[in-house]
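Listed below, chain by chain, are the residues.
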Amino acid sequence: MMNVVLVGCGAMSRQWLDAARQIDGLAIVGLVDLDAERAKARAHEYDLAGIVIGTSLDAVLDQTRPDAVFDVVVPAARRAVALSAFAHNCHLLTEKPLADSPENARAIVEAARQAGRIHAVVQNRRYVANVRRIRRFLDSGAIGNPTSIHADFFVAPHFGGFREEMAHVLLLDMAIHTFDAARYMAGGEPAGVYCQEWEPANSWYRQGSSASAVFDLGGGKVFTYAGSWCADGFRTSWEGSWRIVAERGSLIWDGHDLLTAEVVATGRDGLFAKTQPIDVPPLDPADRVGGHLGIIRDFMHAIETGTEPETHGADNIKSLAMVFGAIESAETGRRVAIAREGP
């Protein structure tokens, strides 16, 4: 049995607890929140009778001595939670983003290394079935190497709460999903970015609800991102809408179930090379999917076997570097080089 304390009992904690109760061998032994009544309400909602509830993570960890901590706090509190978890010899699975600043991200990754603990990030969009299919299809070389990756993200959620008060809210709180997916699917390493943010006249966010960015992913690959959290009408999927252009064809994914590709065929049709449809193979049984559930299972497997989970912090910091590079570019109005992070 793996004993876990979850810290941060806001709305997002439901996704974690929904997944956790589907896993045999995992027990939530403590809940921590600055609002004790909220933690008690969540314990009642999930029938977590007899667990330890508190407002101090250190105190609850001292009392429960768990194997791992699930971190679902706001990004500004991430570093304190991580250092507390590692000080108590706990493994750590954290909500995205890994941290609220490059300095804090590096400090967390280094603290995990020094403690010898497993540290991973819930980068749950990477565990979407079509993201896996696209990566496998591109790796097959069926349409050649990717040359450009394009993602659009346009939705208009009224969250309320901390998001509507955040700076750089789209880039910091949401774009990490799209950036990580692009890096994963295309196999790129971020080298530079130019980004512009703006606030639409109808925005209900304090700052940074809309952004456009162009990334150099190395190896001749360019990734463009256009997104807004103030875009009513013609809403995209939460996964975004994608076009990947490669040397011998293109792939389109609507972010839902529509995934199509075309490859260059023999001959020309006037000015244009002829193309023909090409199947994108179905999900492979070896592909890991399942969102939060899949990631938590992988995290547990990594602890049991001593291996690294796919979304371990030292890798995820590379996707986070894209976020902070884009923010710096938006603030300075210039292209920003992205330093290599991690191994």
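- Under the annotation held in an unreviewed UniProt entry, the chain carries the name Oxidoreductase and is attributed to Rhizobium loti.

Brief notes about the pairing of strand 12 (residues 249-253)
Regular strands place side chains that alternate from one sheet face to the opposite one.
In step 1: Side-chain alternation along strand 12 places Gly-249, Leu-251 and Trp-253 on a buried face and Ser-250 and Ile-252 on a face that remains uncovered.
In step 2: Relative to strand 12, strand 11 (residues 241-246) runs antiparallel, the two sharing five bridges. Within strand 12, the residue paired with Trp-242 across the bridge is Trp-253.
In step 3: Taking the residues that link successive antiparallel strands as the turn, the strand 11-strand 12 hairpin has two residues.
In step 4: Relative to strand 13 (residues 259-269), strand 12 runs antiparallel, the two being bridged by five bridges.

Here's the deal with the domain arrangement of the chain
In step 1: When cut into domains, the chain gives domain 1 (1-116) and domain 2 (128-282 + 318-335).
In step 2: On a C-alpha basis, the centres of domain 1 and domain 2 stand 31 Å from each other.
In step 3: Contacts between the two partners involve 11 residues from domain 1 and, on the opposite side, eight residues from domain 2.
In step 4: Here domain 1 meets domain 2 over a buried area of about 710 Å², counting both sides, of which 76% is carbon and sulfur.
In step 5: Linking domain 1 with domain 2 are one salt bridge, by the criterion used here.
In step 6: Between Lys-96 and Asp-173 there is a salt bridge, and its shortest N-O distance comes to 3.9 Å.
In step 7: Linking domain 1 with domain 2 are one residue pair in polar contact (both at pLDDT 80 or more), by the criterion used here.

Concerning empty space enclosed by the protein
In step 1: If you walk through the whole model with that rule in mind, you get one cavity of 30 Å³ or more.
In step 2: The calculated volume of the largest cavity comes to roughly 50 Å³.
In step 3: What lines the largest cavity is simply Arg-125, Val-131, His-177, Thr-178, Ala-181, Trp-238, Glu-239, Trp-242 and Trp-253.
In step 4: In terms of residue count, the dominant contributor to the lining of the largest cavity is helix 7 (residues 169-186) (three residues).
In step 5: Across the lining of the largest cavity, the residue classes break down as five nonpolar, two polar and two charged.

With respect to the UniProt feature "domain: GFO/IDH/MocA-like oxidoreductase" (unreviewed entry) in the chain
In step 1: UniProt annotation of "domain: GFO/IDH/MocA-like oxidoreductase" (unreviewed entry) refers to residues 131-251 when read in the numbering used here.
In step 2: Regarding residues 131-251, the helix share stands at 22% and the strand share at 32%, and the terminal C-alpha atoms are separated by 12 Å.

Considerations on the environment of Asp-173
In step 1: In this structure, Asp-173 sits in helix 7.
In step 2: Placed 163 residues apart in sequence, Asp-173 and Gly-10 show a C-alpha to C-alpha distance of 15 Å.
In step 3: The contact partners of Asp-173, leaving out residues within four places of it in the chain, are Lys-96, Phe-162, Arg-163, Met-166, His-168 and Trp-229.

Criteria and cut-off values
Residues numbered from 1 in each chain as written. Predicted model: local features only at pLDDT ≥ 70, side-chain atom pairs only at ≥ 80, totals over all residues. Heavy atoms only, no water. Buried < 20%, exposed > 50% of the residue type's maximum accessible area, 1.4 Å probe, protein only. Helix = DSSP H or I, 4+ residues; strand = E, 2+ residues; numbered from the N terminus. Pairing = 2+ DSSP bridges. Domains from an automatic or database assignment. Contact = heavy atoms within 4.5 Å. Buried area = accessible area lost by both parts, 1.4 Å probe. Salt bridge = Lys/Arg side-chain N within 4 Å of Asp/Glu carboxyl O. Polar contact = N/O pair within 3.5 Å; in protein donor to acceptor, adjacent residues only side chain to side chain. 1 Å grid on protein atoms, 1.4 Å probe; cavity = no way out; pocket = protein on both sides within 12 Å on 5 of 7 lines; lining within 4 Å. Points joined across faces, edges and corners; volume = space filled by probe spheres on them. Nonpolar A, V, L, I, M, F, W, Y, C, P; charged D, E, K, R; others polar. UniProt positions renumbered as here; feature names shortened; annotations may be inferred.

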